[in-house]
Amino acid sequence: MRKPFIAGNWKMNLTTREATALAKKLVESLAGVTQVEIGIAPVYTVLPAVAAVVRGSNVQLLAQNLFWVDSGAYTGEVSGPMLKDAGCSHVIVGHSERRQHFGETDESVNKKLKAAFASGLVPIFCVGETLAEREQGRTFAVVERQVKGGLQDIPATDAAKIVVAYEPVWAIGTGKTATPAQAQEVHAQIRSLLARLYGQELADQVRIQYGGSVKADNIAELMQQPDLDGALVGGASLKADSFTAIVRFQG
Ligand code: 13P
């Protein structure tokens, strides 16, 4: 009942020429895929160029971040309405790299989620624990704090549209994927938390992606888990053949 959603987070990579070339290949190789929702998140500077390539295809355009004020004296920031204008349908919010390197907090993530909804963008809301937090047995306490903090005062009408991405920090870019059982455990905990916050019906609708060293050779077994509804792919989304293989995991 939940359509899988597989998105590529290109992070801080690819020039206009490289990004449009990759997008063109993906539009071709993924044409006709209807059983999986697809998205790519390039850097801000190439959004209009990539938007022109993916327009009319089944590949949706995502942004990697946004600021919560629509316009004004905020040097270096980009707002939700600007991302909509550039052709984005979704925006990644609260990625662990932003929490780690750019001071993103549960409070700023909450403001950004509200701003995304206000601009008509679907947020992909990232949560996940560090290795130290996992080793201290605090995985779910951390994820619960992140989910509750991020969703503070967000009404069910908006929350119903959200996509959650569970990305254990220790699995990102390390080649150390969470086992399907480890991922499923946290995904199920996130879903029951959503049920406590918003009711079971809404919780059953929300897609929860897994992210962290997803590859063509581990996606299928991850996707067999009942609460895994897709993936947020970093490194393996930068090559057309590996991202295509991941999206086409069902064969
Ligand atoms: P990798 O797939 O490179 O581990 O990155 C995951 C990620 O951070 C996606 O947002």
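Residues numbered from 1 in each chain as written. Predicted model: local features only at pLDDT ≥ 70, side-chain atom pairs only at ≥ 80, totals over all residues. Heavy atoms only, no water.

Peer 1: How do you make sense of the overall build of the protein when you look at a structure like this?
Peer 2: Within the protein, the secondary structure is distributed over 12 helices and 8 strands. For the protein, whose C-alpha radius of gyration is 17 Å, the value lies close to the compact-globule estimate of 18 Å for 251 residues. Its C-alpha atoms put the protein at 45 × 45 × 35 Å along the principal axes. Residues counted as buried form 56% of the 251 residues belonging to the protein. Across the protein, contacts joining residues at least 24 apart in sequence account for 73% of those joining residues at least 6 apart. Summed over its atoms, the accessible surface of the protein is roughly 10,900 Å², and 53% of this surface lies on carbon and sulfur atoms. Separation of charge centres in the protein, based on 25 positive and 25 negative side chains, amounts to 3 Å. (Helix = DSSP H or I, 4+ residues; strand = E, 2+ residues; numbered from the N terminus. Rg over C-alpha atoms; globule rule 2.2 N^0.38 Å. Buried < 20%, exposed > 50% of the residue type's maximum accessible area, 1.4 Å probe, protein only. Contact = heavy atoms within 4.5 Å. Areas by Shrake-Rupley, 256 points an atom, 1.4 Å probe, with all protein chains shown as cover. Lys, Arg positive; Asp, Glu negative; His and termini not counted. Charge placed at Lys NZ, Arg CZ, Asp CG, Glu CD.)

Peer 1: When you look at the pairing of strand β1 (residues 5-9) in this model, what are you seeing that I'm missing?
Peer 2: For a regular strand, side-chain orientation follows a simple rule: the groups alternate between the two sheet faces. Most of β1 is tucked away: 5 of the 5 residues are buried. Neither face of β1 is exposed, since F5, A7 and N9 on one face and I6 and G8 on the opposite face are all buried. Read as a crossover between parallel neighbours, the route from β1 over helix α1 (residues 16-29) to strand β2 (residues 37-41) is right-handed. Alignment of β1 against strand β8 (residues 230-233), held across 4 bridges, turns out to be parallel. Bridging across to β8, F5 finds its partner in G230. (Right-handed = clockwise from strand over helix to strand, strands pointing away. Pairing = 2+ DSSP bridges.)

Peer 1: Could you clarify how one ought to interpret the packing of helix α5 (residues 106-118) against helix α7 (residues 139-150) in this entry?
Peer 2: The relative placement of two packed helices comes down to the angle between their axes together with the axis-to-axis distance. Orientation of α5 relative to α7, taken along the N-to-C sense of each, is 45°, at an axis distance of 8 Å. With respect to each other, α5 and α7 are oriented oblique. Helix-helix and strand crossings are classified by hand; for α5 and α7 the assignment is right-handed. Here D106, V109, N110 and L113 of α5 come into contact with α7, specifically with R145, Q146, G149 and G150. (Axes fitted to C-alpha atoms, helices over the stretch in contact; angles between N-to-C directions. Parallel < 35°, antiparallel > 145°, perpendicular 65-115°, else oblique. Left-handed = near helix turned anticlockwise from the far one by under 90°.)

Peer 1: Honestly, the layout of surface pockets in this entry has me stumped. Any pointers?
Peer 2: Any space left empty among the atoms is revealed by the rolling of a water-sized probe across them. The computed volume of the largest pocket comes to approximately 390 Å³. The wall of the largest pocket is formed by 13 residues, among which K11, M12, Q64, R98 and F102 lie closest to the centre. The element best represented in the lining of the largest pocket is helix α4 (residues 96-101), accounting for 3 residues. Of the residues in the lining of the largest pocket, the class split is 5 nonpolar, 5 polar and 3 charged. Considered as a void within the structure, the second largest pocket measures approximately 210 Å³ in volume. What lines the second largest pocket is a set of 21 residues, among which K11, G173, S213, G234 and G235 lie closest to the centre. Residues that form the lining of the second largest pocket fall into these classes: 7 nonpolar, 11 polar and 3 charged. (1 Å grid on protein atoms, 1.4 Å probe; cavity = no way out; pocket = protein on both sides within 12 Å on 5 of 7 lines; lining within 4 Å. Points joined across faces, edges and corners; volume = space filled by probe spheres on them. Nonpolar A, V, L, I, M, F, W, Y, C, P; charged D, E, K, R; others polar.)

Peer 1: Explain the site of the ligand here, please?
Peer 2: Near the ligand, the surroundings consist of N9, K11, H95, E167, A171, I172, G173, G212, S213, L232, G234 and G235. Between the ligand and N9, the relevant distance is 3.0 Å, taken from an oxygen atom to a side-chain nitrogen or oxygen of the residue. At a separation of 2.6 Å, an oxygen atom of the ligand approaches a polar backbone atom of G173. Protein contact buries 95% of the 310 Å² of open area that the ligand shows by itself. Looking at the shell around the ligand residue by residue, the class counts come to 3 nonpolar, 7 polar and 2 charged. (Near = heavy atom within 4 Å. Polar contact = N/O pair within 3.5 Å; in protein donor to acceptor, adjacent residues only side chain to side chain.)

Peer 1: Help me understand the side chain of H90, please; the structure alone is not making it clear to me.
Peer 2: One can find H90 in strand β4 (residues 90-93). By relative accessible area, H90 is classed as buried at 4%. Reaching out from H90, the side chain makes a polar contact with the side chain of S89 at a distance of 2.7 Å. Not counting residues up to four positions away in its chain, the partners in contact with H90 are F5, E37, Q60, L61, L62, A63, L121 and V122.

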